[in-house]
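Tertiary structure, described
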Amino acid sequence: MSSHNSYKRQTKRFISSKKLRVSVIGLGFVGLSIALVNSKKGFTTIGVDVNKEKIRNLKKGIPDFFEPGIENYLDYCLKSNLIKFTTNLEETLFNTDLTFVCVGTPPKNDGTIDLKYIKNAICDIHKILKSKKKYHLLIIKSTVFPQTTKDVVLPVFSDLLKKGLVDVVMNPEFLREGYAIKDILEPHLIVIGGNSKHGGQILEKYYRNFYGKLPEIIHCDPTTAELIKYANNAFLATKISFINSIANICQNLPGVDVNVISKAIGKDRRIGPLFLNAGPGFGGSCLPKDLSALINFSKRYDNTDMLFSAVEKVNKTQPIKVLNLIKKINLLKPSKTISVLGLAFKKDTDDIRAATSIEIVKKLIKNKLIVKVHDPKAMDNFKKIFGNKIIYCQTVDECIKNSDCCLILTEWDSYKKLSPQKFKKLMKKPNIIDARRILDPKKFSKLNLQAIGLGN
Ligand code: NAD
């Protein structure tokens, strides 16, 4: 009874306190973005990571990935003394009230996700909170499959939960790389999957302070929150595989362009215009990983994975469709030179995790082509995989010079502005494969332009 009363008192104090002190565990794309936006908003913020080199660099103002605006935010927060970076978890938990857990949940070879980082983090946090003996709110931001909070996280904290010293909330993150800051500042929705009403209330209070005017919030249980995140990403993946399937039909029909079809169906409000860009298939750290985790999870229940498995199959076949375009113009041959423009899984990021460029470049190397590549941000990451097997070019001109074929794999804005004259002047023969549909076929009609979803 007494511990319950003290819990109620602490919760009340939490809810009435003006500004909660925030810590963020795991400073990758998600964690660092959340930590910086928080601190700029005036919340005392501590960021923790197990990677010592990352922490050393962050203290110097150097993030280990590219994300628009992040460097400026980091610089501002460090200069204004708003944020602290450390590897010391104990000090962090003792000096903050709520903690966002943002560690990675990377894919395993069998398509499931690896929970080892989350399990390690949770065990370390539990040991420390046992001696803190003050209420702490734990918010799981990492994407985990349904029932992970219930079956993996909550049991670790059972003693502290009983004493009312901890609440755990599953609060999935929907930010997009390339728009991380904007998406944190203007989320379309906040999902609060709390183990208890109190935890959810405290997190809502925190968000009220953070946003002023609260965005839309859905309160639910942790498992529903976990499945909302997977359903969200599976739907986006489905839209992409859908339009890619239509694109593959268009390619066989002279005069038909998938972009016209996307535009037309996107006008139907029930469909909407977003995520209807045909291309080489989706990549990145989220969609492929979350889709295969959902497929794996659904296999527990009768025939529930059928649609998701088809979406994945379409996506895995899409890079082959790109290679077929090179084959069609007779250039998938040893000693031909191919220039690849764009390596990142999408524009405005240096992230190449599960990027289709990796699969495609591997196949080009296997077919003994000479591969020259360019990307405004992702070349260093690509070098870690391909080393000296390919040629890295600092400029587009250098990349396309004297090549037999140019393949566009990322929709960088700078590539959209390239003129037909440039390709004509620099390439051996102006054969272009636009796998992102960023060039205007009319403007390029005098060149040999092949494109995903363009029947010509
Ligand atoms: P990431 O791999 O870029 O970063 C994870 C960080 O956690 C690393 O810096 C790592 O060193 C650190 N870490 C691991 N164990 C730790 C521990 N015990 N203590 C402290 N730090 C630890 O991951 P990310 O891309 O930021 O994604 C994090 C989570 O958010 C994943 O579950 C991901 O699925 C999800 N998510 C990612 C995105 C995205 O766009 N990247 C969007 C929404 C959700």
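Residues numbered from 1 in each chain as written. Predicted model: local features only at pLDDT ≥ 70, side-chain atom pairs only at ≥ 80, totals over all residues. Heavy atoms only, no water.

Regarding helix H14 (residues 306-328)
Given a rise of 1.5 Å per residue, 23 residues ought to cover 33 Å, and the 32 Å separating the end C-alpha atoms of H14 matches this to within 8%. At Gln-318, H14 shows its largest kink, close to 30°, and the proline Pro-319 lies no more than four residues downstream. Among the residues making up H14, those that are buried are Phe-308, Val-311, Glu-312, Asn-315, Gln-318, Pro-319, Val-322, Leu-323, Leu-325 and Ile-326. Within two residues after H14, Asn-330 carries a phi angle of roughly 65°, on the positive side. (Helix = DSSP H or I, 4+ residues; strand = E, 2+ residues; numbered from the N terminus. Expected span 1.5 Å × (residues − 1). Bend = angle between axes of the 7 residues up to and from the residue. Buried < 20%, exposed > 50% of the residue type's maximum accessible area, 1.4 Å probe, protein only.)

Here we look at the side chain of Arg-437
Position of Arg-437 relative to the elements: it lies in the loop between strand E13 (431-434) and strand E14 (448-451). Judged by its relative accessible area of 9%, Arg-437 is buried. A polar atom in the side chain of Arg-437 sits 2.8 Å from the side chain of Asp-257. Dropping the residues within four chain positions of it, Arg-437 is found in contact with Asp-257, Val-258, Asn-259, Ala-278, Ala-451, Ile-452, Gly-453 and Leu-454. (Polar contact = N/O pair within 3.5 Å; in protein donor to acceptor, adjacent residues only side chain to side chain. Contact = heavy atoms within 4.5 Å.)

Quick word on the domain arrangement of the protein
In terms of domains, the protein is made up of domain 1 (2-220) and domain 2 (231-451). The straight-line distance from the C-alpha centre of domain 1 to that of domain 2 is 35 Å. Overall, the association of domain 1 and domain 2 removes approximately 1500 Å² of surface from exposure, summing both partners, and the carbon and sulfur fraction of that is 55%. The three residues of domain 1 that bury the most area against domain 2 are Phe-66, Gly-111 and Glu-177, which together make up 36% of that side's buried surface. Applying the counting criterion to the domain 1 and domain 2 interface returns 1 salt bridge. With its nearest N and O atoms 3.6 Å apart, the salt bridge here joins Arg-353 to Glu-177. On the surface where domain 1 and domain 2 come into contact, there are 8 residue pairs in polar contact (both at pLDDT 80 or more). Considering only residue class, the side of domain 1 that touches domain 2 consists of 11 nonpolar, 7 polar and 3 charged. (Domains from an automatic or database assignment. Buried area = accessible area lost by both parts, 1.4 Å probe. Salt bridge = Lys/Arg side-chain N within 4 Å of Asp/Glu carboxyl O. Nonpolar A, V, L, I, M, F, W, Y, C, P; charged D, E, K, R; others polar.)

Some words on the pattern of salt bridges
Inspection of every chain in the model, using the stated rule, returns 23 salt bridges. Residue Lys-54 pairs with Asp-64 through a salt bridge whose shortest N-O separation is 3.1 Å. Remark: Asp-64 occurs in the loop between helix H3 (52-59) and helix H4 (70-79) and Lys-54 occurs in helix H3; sequence separation between them is 10 residues. A salt bridge links Glu-411 to Arg-436; its shortest N-O distance comes to 3.7 Å. Placement of Glu-411 in the loop between strand E12 (405-408) and helix H18 (413-416) and of Arg-436 in the loop between E13 and E14 is noted, with a sequence separation of 25 residues between them. Judged by relative accessible area, Glu-411 falls into the buried class, the value being 18%. Through salt bridges that share partners, Glu-177, Asp-351 and Arg-353 make up one connected network.

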